Amino acid sequence: MADIGRTHDIGRAQDTGRTHDTARPHDTIRVAVIGASGYTGGEVIRLLLEHPHVELAFLSAERAAGAAIGSVHPWLRNHPKAGGLKFRPLAELAEIDPVDVAFGCLPTGALPERLPLIASQAKRVLNLGGDFRLRAEDEVRTHYPRTAEHPPLEDFAYYVPELSTEVPDGRFVNLPGCMAVTTIYALYPLFAGAEPLAADKVVVDAKTGSTGGGRGGNEPPAERTGNFRVHKLYGHRHAPEVRQAIADFTGAAVDLRFSTHSLDVARGILVTAYAELRDGVTSLDVKRAYAKAYVGKPFVRVRPAPRAPQDFPMLKAVVGSNVAEVAIAVQGGQVVAVAALDNLIKGAAGQAVQAMNLISGFPETAGLPTTAVSP
């Protein structure tokens, strides 16, 4: 049995443009979506309905068992394949032929005790929840107590497609949290070089839309609409994830101050990160570091030389797409990094499909949108 919350060592980042060799380019794989009635599960279904190499073999939802997907996700009901897809209880997964990939879209805490059944029927498990992101046992007990009670059967690889050293070979993969990965994209280039460009102390302000709380959120729309408020100033579970990932990808131990706020929007995350540059580091050094970090990465776009407000990352440029935008501004010895993405796509479902593509040997961009939906 693996150690509590343990993940594979992901090391310093390098080019991941290659694909894994586990599948021929035009194979079709069978996929299950576990916890398919939530917002993230719905987005996984939506993306996979358009994927050229995927057959949706099983969709689990306990309370919606027997219902057509269009009755739970009305935005999917007009797809020509939607009429033939219904939700089933998770227990029925044991009755079908094993699938190639199972996407775990259950609320955080629900997967660990259900993992044995899922693992017995899936060649790979890609978890979108936070259950197996952290390695430190004290952090796991604090932020993911159900994981501490039900340790994983095997190690989970923590995987960020643009930054992880290798495509995971193991059966179990955990994708990053939405606000965590937005922050990681913003900070990574500052610490990725042989010598860090910034001092260790970093302040991050992360703002997120209401879907970040899942479909079971209990904040009435009347209280969210027209409001902008604090979500969590200290103790957010994505903070140790960011520290762990930056250390693994770059070797730097950042002193992170991480606060989150709730936006009056359905989806989207905007992160603003503040740091002091080390002596002798110039604006050109920083610009070159960001350009180098994401060259050849189709889903992370660095905004070059932004001047006007709309030149910087913003929600209307990314919501509806699998793209994260990143930009920086330098003044004197200070740097501000900004990143934006769609929390349900690049922060969750799209990131997972991107990982599936790379693991399965498909083109990295297959089935994934690069343009936003606006106005």
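See the structure above.
(A) Looking closely at the environment of Lys346. Among the secondary structure elements, Lys346 is positioned in helix 10 (residues 345-360). The sequence separation of Lys346 and Phe299 amounts to 47 residues, and the corresponding C-alpha distance is 8.3 Å. Other than its neighbours up to four places away in sequence, Lys346 contacts Glu162, Tyr185, Phe299, Ser321, Asn322, Val323, Ala324, Leu341, Gln351 and Gln354. Here the side chain of Lys346 touches Gln354 through a polar contact of 2.7 Å, side chain to side chain.

(B) Spotlight on the sheet that holds strand 13 (residues 334-341). The strand order 8-9-7-10-13-12-11 describes an open sheet built from seven strands, whose pairing is mixed. Two strands lie at the open edges of the sheet, namely strand 8 (229-232) and strand 11 (300-302), each paired on one side alone. Pairs of neighbouring strands in the sheet enclose a mean axial angle of 25 degrees, with direction left out of account. Alignment of strand 7 (residues 198-208) against strand 9 (residues 255-262), held across eight bridges, turns out to be parallel.

(C) Broad picture of helix 6 (residues 178-191). Relative to the 20 Å expected for 14 residues at 1.5 Å per residue, helix 6 spans 20 Å between its end C-alpha atoms, a close match to the ideal helical length. Tyr185 marks the point of greatest bend in helix 6, at about 35 degrees, and the proline Pro189 comes within the next four residues. Of all 14 residues making up helix 6, 14 are buried, and the element is well covered by its neighbours.

(D) Representation of unusual backbone geometry within the structure. The omega torsion across Ser374 and Pro375 is 5 degrees, close enough to zero to call that bond cis. Among the structural elements, Pro375 can be located in the segment after helix 10. With a phi angle near 45 degrees, Ala305 is a residue other than glycine that sits in the positive phi range. With respect to the secondary-structure elements, Ala305 resides in the loop between strand 11 and strand 12 (324-331).

(E) Examining helix 1 (residues 39-49) more closely. Within helix 1, eight of the 11 residues are buried, which leaves it mostly tucked inside the rest of the structure. Among the residues of helix 1, Gly41, Gly42, Glu43, Val44, Ile45, Leu47, Leu48 and Leu49 are the ones counted as buried. For helix 1, the secondary structure elements touched by its buried residues are strand 1 (29-34), strand 2 (54-60), helix 2 (69-72), strand 3 (99-104) and helix 10.

About the criteria used
- Residues numbered from 1 in each chain as written.
- Predicted model: local features only at pLDDT ≥ 70, side-chain atom pairs only at ≥ 80, totals over all residues.
- Heavy atoms only, no water.
- Helix = DSSP H or I, 4+ residues; strand = E, 2+ residues; numbered from the N terminus.
- Contact = heavy atoms within 4.5 Å.
- Polar contact = N/O pair within 3.5 Å; in protein donor to acceptor, adjacent residues only side chain to side chain.
- Pairing = 2+ DSSP bridges.
- Axes fitted to C-alpha atoms, helices over the stretch in contact; angles between N-to-C directions.
- Expected span 1.5 Å × (residues − 1).
- Bend = angle between axes of the 7 residues up to and from the residue.
- Buried < 20%, exposed > 50% of the residue type's maximum accessible area, 1.4 Å probe, protein only.

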